[in-house]
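Structure at a glance
Residues per chain, in single letters:
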Amino acid sequence: MLNLPQSTEVKRPLPKAQLYKRFDWKPSQRESFDGEVSRLDFVNWITPRTLPAIAEGAEVKEIFVIEISIKSRDFDIKNITMLAKSIPQRIVYILRHSDEVRIAVFHTKLFITDWQDVNAAMLTLNGLNLDVVWEKIISFVGEFSLEQDKSLIEQIKENEERTMILQQIEALERQMRSTSQPRRQRELYSEIKKLKILL
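Read on for an overview of the structure. (Residues numbered from 1 in each chain as written. Predicted model: local features only at pLDDT ≥ 70, side-chain atom pairs only at ≥ 80, totals over all residues. Heavy atoms only, no water.)

Looking now at the packing of aromatic side chains. Taken as a whole, this structure holds seven aromatic pairs when the rule is applied. Members of the aromatic cluster, each reached through a chain of ring pairs, are Y20, F23, W25 and F33. (Phe/Tyr/Trp six-rings, centres within 6.5 Å; stacked < 30°, edge-to-face > 60°.)

Following this line, the structure appears as structure tokens:
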């Protein structure tokens, strides 16, 4: 799956009961997770042992791929975020429903792709070490590029701030269109101009 090298393949089930024992989830969180997830499988292990062409990183020593079989396309992303926050590892999640998948990764926040056919979904491992491979996986799933001289965390923070500014501009533009008072329109236009300078 994801066209990953065969040498990285591992097929091992991850029993939900084992996870619940390990994590300090509230009964309502367990119930919600259990209601949406039918099974979890550990499917790939990316490490210099399984992929000698890629060196260990200074921070990233291994990357896991876990397939999560979900009961409905309409699942709650909070459950995946909760799982990702509970496991302090670099993990790529394949959320599978029937013959469709979404790829998800967590790095300060959850990034998730759109639905795609299971046979078309691919994940390319680019980089000489696992630090670079992980950064490229995050930027691929999150659909952004890492600017030069910026760390992954800095880039994510900058992207979030930019998104918030764009949302504020959109909201102010809607207000400007709906108001008929010229003075209020000028005030809103002035606020929009200030925000655009920050982009």
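Now that the structure has been shown, the text picks up again.
What follows covers helix α6 (residues 182–198). With 17 residues, α6 extends 25 Å from end C-alpha to end C-alpha; this agrees with the ideal 24 Å at 1.5 Å per step. When we look at burial in α6, the residues that qualify are L188, I192 and L195. Considered in projection along α6, the buried side chains sweep an arc of 65 degrees and stay on one side of the axis. The outward face of α6, more than 90 degrees from its buried face, is lined by the exposed residues P182, R183, R186, K194 and I197. Looking at the packing, one finds that the buried side of α6 touches α5 (152–178). (Helix = DSSP H or I, 4+ residues; strand = E, 2+ residues; numbered from the N terminus. Expected span 1.5 Å × (residues − 1). Buried < 20%, exposed > 50% of the residue type's maximum accessible area, 1.4 Å probe, protein only. Arc of directions from axis to C-beta. Contact = heavy atoms within 4.5 Å.)

Below, the discussion takes up the nonpolar core. Within the largest apolar cluster, 28 residues are counted, with the highest numbers of intra-cluster contacts made by I63, V92, V105, L125, I137 and I138. Listing elements by their share of this core, those giving two or more residues are β2 (37–46), β3 (63–70), β4 (91–97), β5 (100–106), α4 (130–142) and α5. Counting residues per element, this core draws most heavily on α4, which supplies six residues. Leave out the neighbours within four places in its chain, and I63 touches N44, W45, I46, R90, V92, L130, V133, W134 and I137. In terms of nonpolar packing, the next biggest core, distinct from the first, is built from 26 residues, V10, F42, I70 and M82 among them. (Core = buried A, V, L, I, M, F, W, Y, C linked by side-chain atoms within 4.5 Å.)

With that settled, consider the environment of L40. Within the fold, L40 resides in strand β2. Separated by 26 residues in the primary sequence, L40 and I66 place their C-alpha atoms 6.8 Å from one another. What L40 contacts, discounting residues up to four positions off in sequence, is P13, L14, K16, L19, F33, I66, E67, I68 and L83.

Between α5 and α6, the shortest axis-to-axis distance is 9 Å and the interhelical angle comes to 165 degrees. Taken together, the axis directions place α5 and α6 in an arrangement best described as roughly antiparallel. Of the two possible hands of crossing, α5 and α6 adopt the one that is left-handed. Seen from α5, the contacting residues are I165, Q168, I169, L172, E173, Q175 and M176; seen from α6, they are R184, Q185, L188, Y189, E191, I192, L195, K196 and L198. Partitioning the contact of α5 with α6 into residue classes produces nine nonpolar, three polar and four charged. (Axes fitted to C-alpha atoms, helices over the stretch in contact; angles between N-to-C directions. Parallel < 35°, antiparallel > 145°, perpendicular 65-115°, else oblique. Left-handed = near helix turned anticlockwise from the far one by under 90°. Nonpolar A, V, L, I, M, F, W, Y, C, P; charged D, E, K, R; others polar.)

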